[in-house]
Amino acid sequence: MIKSKNKNKIVFQNARIIDPYTNFDDLGDLITEDKVIKDFGKNLFKDNTPEDALIIDCKEHILCPGFIDLNANIGEPGEEFKENINTASEAALASGITSIVCMPNTNPVIDQIPIIQYIEKRAKETNGVKIYPSASITKNLEGKQLTEMGLLLEAGAILFSEANNVISNTKVMKQALTYAKNFDATIMISPQDPDLSKNGVMNGGALASKLGLPGIPKVAEIIQIERDIRLLESTGGRLHFLNITTNEAIIAIENAKNKGLNLTCSTAPHYFTLDETAVDEWRTFAKVFPPLRNKNDKEAIYNALIKDKIDIITSHHSPQDQDSKRLPFEQAEFGIIGFETLFPISLNLHINGKMKLINLIDKLTNKPAKLLNLDTGKIEVNSPADLTLIDINTSQKINLEKMISKSNNSLFDEHDVKGKILCTIVDGRIVYSDSEFIYSEANI
Amino acid sequence: MHALDKWIKDNSLSRKIFANKLKISVASLSRYLAGNRIPKQEVMEKIIYHTDGKINPSNFYIIKNNNTVSFNKYKNDHLLGIEDLKENEISSLLNRADTIIKENRLEPSINHKYSGKTLVNLFFEDSTRTKTSFELAAKRLGIDVINMQIETSSIRKGESLLDTAMTLNAMQPDILVIRHSLSGTPHLLANKVNCGVINAGDGQHEHPTQALLDALAIRRRKKRIEGLKIAICGDIAHSRVARSNIKLLITMGATVNLIAPTTLMAEGLSDYGANIFNSFKEGLSNVDIVMILRLQRERMQGSYIPSPKEYFKFYGLDREKLNYAKSDALVMHPGPINRGVEIDSELADDINRTLILEQVELGVAIRMSVIEHLIHNLELKK
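A few points on the structure. (Residues numbered from 1 in each chain as written. Chains lettered and ligands numbered in written order. Predicted model: local features only at pLDDT ≥ 70, side-chain atom pairs only at ≥ 80, totals over all residues. Heavy atoms only, no water.)

**Regarding the overall build of chain B**
- A count of helices and strands for chain B gives 16 helices and nine strands.
- Looking at chain B as a whole, 54% of its 382 residues are labelled buried.
- Relative to all contacts within chain B whose residues are 6 or more apart in sequence, the contacts with residues 24 or more apart total 71%.
- Here chain B has roughly 17500 Å² of accessible surface; of this, 48% comes from carbon and sulfur atoms.
- For chain B, the distance from the average position of its 52 positive side-chain charges to the average position of its 44 negative side-chain charges is 7 Å. (Helix = DSSP H or I, 4+ residues; strand = E, 2+ residues; numbered from the N terminus. Buried < 20%, exposed > 50% of the residue type's maximum accessible area, 1.4 Å probe, protein only. Contact = heavy atoms within 4.5 Å. Areas by Shrake-Rupley, 256 points an atom, 1.4 Å probe, with all protein chains shown as cover. Lys, Arg positive; Asp, Glu negative; His and termini not counted. Charge placed at Lys NZ, Arg CZ, Asp CG, Glu CD.)

**Some remarks on a nonpolar patch on the surface**
Residue and element names in this part refer to chain A.
- Together, Leu-196, Val-219 and Ile-223 make up a nonpolar patch on the protein surface, roughly 210 Å² of accessible area in all.
- The residue Ile-223 is located in helix H7 (residues 219-235) in this model.
- Taking relative accessible area as the criterion, Ile-223 reaches 38% and is therefore assigned partly exposed. (Patch = residues over 30% accessible without salt bridge, like charges linked within 9 Å, V, L, I, M, F, W, Y side chains within 5 Å. Salt bridge = Lys/Arg side-chain N within 4 Å of Asp/Glu carboxyl O.)

**Looking at the nonpolar core**
- The biggest cluster of nonpolar side chains holds 76 residues, and the ones touching the most others in it are A:Ile187, A:Phe241 and A:Ile244.
- For A:Phe241, the residues in contact, after removing those within four places along its chain, are A:Ile189, A:Pro191, A:Ile225, A:Asp228, A:Ile229, A:Ile253, A:Leu263, A:Thr264, A:Cys265 and A:Ser266.
- One finds B:Tyr74, B:Leu85, B:Ala237 and B:Ala254 within the second-largest nonpolar core, a separate group that totals 66 residues. (Core = buried A, V, L, I, M, F, W, Y, C linked by side-chain atoms within 4.5 Å.)

**With respect to the side chain of A:Arg122**
Residue and element names in this part refer to chain A.
- Summarising the element assignment, Arg-122 is placed in helix H2 (residues 113-126).
- Judged by relative accessible area, which is 14%, Arg-122 ranks as buried.
- One polar contact links Arg-122 to Glu-125, side chain to side chain, over a distance of 3.0 Å.
- Other than its neighbours up to four places away in sequence, Arg-122 contacts Glu-76, Ile-85 and Asn-86. (Polar contact = N/O pair within 3.5 Å; in protein donor to acceptor, adjacent residues only side chain to side chain.)

Shown next as structure tokens:
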């Protein structure tokens, strides 16, 4: 219901405000002014709704901080035919995501200042989702020489990651963890032993054997995690594991956390929703790195999220064009797009897994914000107005053809889901709104 | 209905009238039409004359199909793997091959039934016996064969696999035979083309015609497959021949023992019902057939096995190890053989104990059978 054209002030009326940071979950109103949240609470405007604000009747839909995605591939620079910053931004905003960390495995690799500057310039031009580039840990992702961590951080790198690679040289990894401590920077690793996973294209085991495909054994993930935990124990510092797919990995990480290490981990919706059987008949859309594991692991990841043993859910957004997927399985590229299915698929943890909604949103907002040390991902007076409004009651079918991302390599086509994003706000601006929602509002 | 019978009917004649024209008895004509006899030259000339050449000698030389019933058991347009094939489908393919062998050996076939059909051999991997075998099989059936030379073709110029397949498809071949080093490639193509696709070996996945010819060789020597105990030995992990054979032999009711060093054993094969062994002594006990797999040269040094010498000592088949099997056990090998690595050279040449050359010979018959089945099914669809 648009009552005013003043876009510097937006009033969200009658919303179910959920904020994990302040542990707030109640019906109420929220007002933004310029780029920040001005005020929020129950019965905020008992009598005097501001005349000069744009007013949105939220009809008790959920208003929460915009999601923060730790693990996104956005195609730029180098693979603009798969995704670019504009399409990535639009797809992210339509998914309620207001901040993303982009991976350094671009072409050229994000290992020097000009690349960071380029991405920041493109992000500024696009003026949509907030993009935080991660820089590579080693030059050209070769696992040999450390990048200029201090200078890259000054230029705007948010953390250091090796994308799908790991640092196989134990000494280099030790140095990376140690050196990053100078700047209190986070090291982010997608753990998978490079020798055991070399040439592998799917989960190792009976199905891989049946299909005649080289497998990536589970132990590849566990070995890498255990080695890096040992290193972290000796060096201290901050380490984050992306893409956790196995039960044993969860146990190893839990033990390390109990020892007091500064360690966090994340996974992606496909790892707790799908298993290796999606690969049957050489379906290349199911080729993802690390691979989809078996049913037991899938359930273990699902339960670990509910029991809060995995801190964060990421989209693991990896766009691939048709030509990269329409190939024999072993030649096809790895990757599944994830922005637009991130919340709807994750919502199943609440609907079927009885996970509290506030805990689910915590893994998409507050937890990643804390890891990245960002002043967003929360609903607090004077914090950035990065918000999203979600309808979690209406059912919809995921439709690949309607994907906003430039690529449509998703495995969730035709899935019945809930969790429709109605409206997304970045720095107090409406950057996405569901057409039906806004039109029906405007007509009242 | 015989083509001549149809012609008679189409021209509103009767067998009696036509027999009179030929100056032969109705009984003789009936024998020709039933396929029991072939007209002599002077009768044949009259038939051609009276039918304006619509009926010609090829109409009388059509190989009589004794297996019509089982011929129809295999309904697929493609042969992509043994997986999911049922016992009667496999039997249908084997029976037809048996018939073909009989006919081949009696007289060279004069077969125009398949003239005008085209088979494309699309081989992305080196192959001598399989490619030649498919070519010979097709030619025996009167089918035109195109061998795609991968080195010189546009695939080397960067054309994608699917583009190549679509280009070939536009030329409307009837059968596409494909071998590729990557598993699942024939399945990918089968989804895109209109012709029948035969998998001639894909990566480490399947090699169905090899398994079929192995089964045929076994059945011809042992008169059955059901109830036999068959050992498959060697590089199971990387072998598509092993995977196809395991599925086929177990489907046909045989007991399958797999023998390999632990580094060359694949996971999950016991799910099919195979027994897993790491030594010949236990694995060969009471076995009727010993299948030896080829060990790829690149696996001989390094992490799979330390050396060919050590491999031969423990996993190479010689007479001493063969003694663990039944006294009349036969040895098979899909070829090409690494003499002195996986099999003792002298044993490999013993025609009383091995089926190695017979396997090659039967390969042609099996491939003829498969091609015939697919063309039969494709025509039914039209």
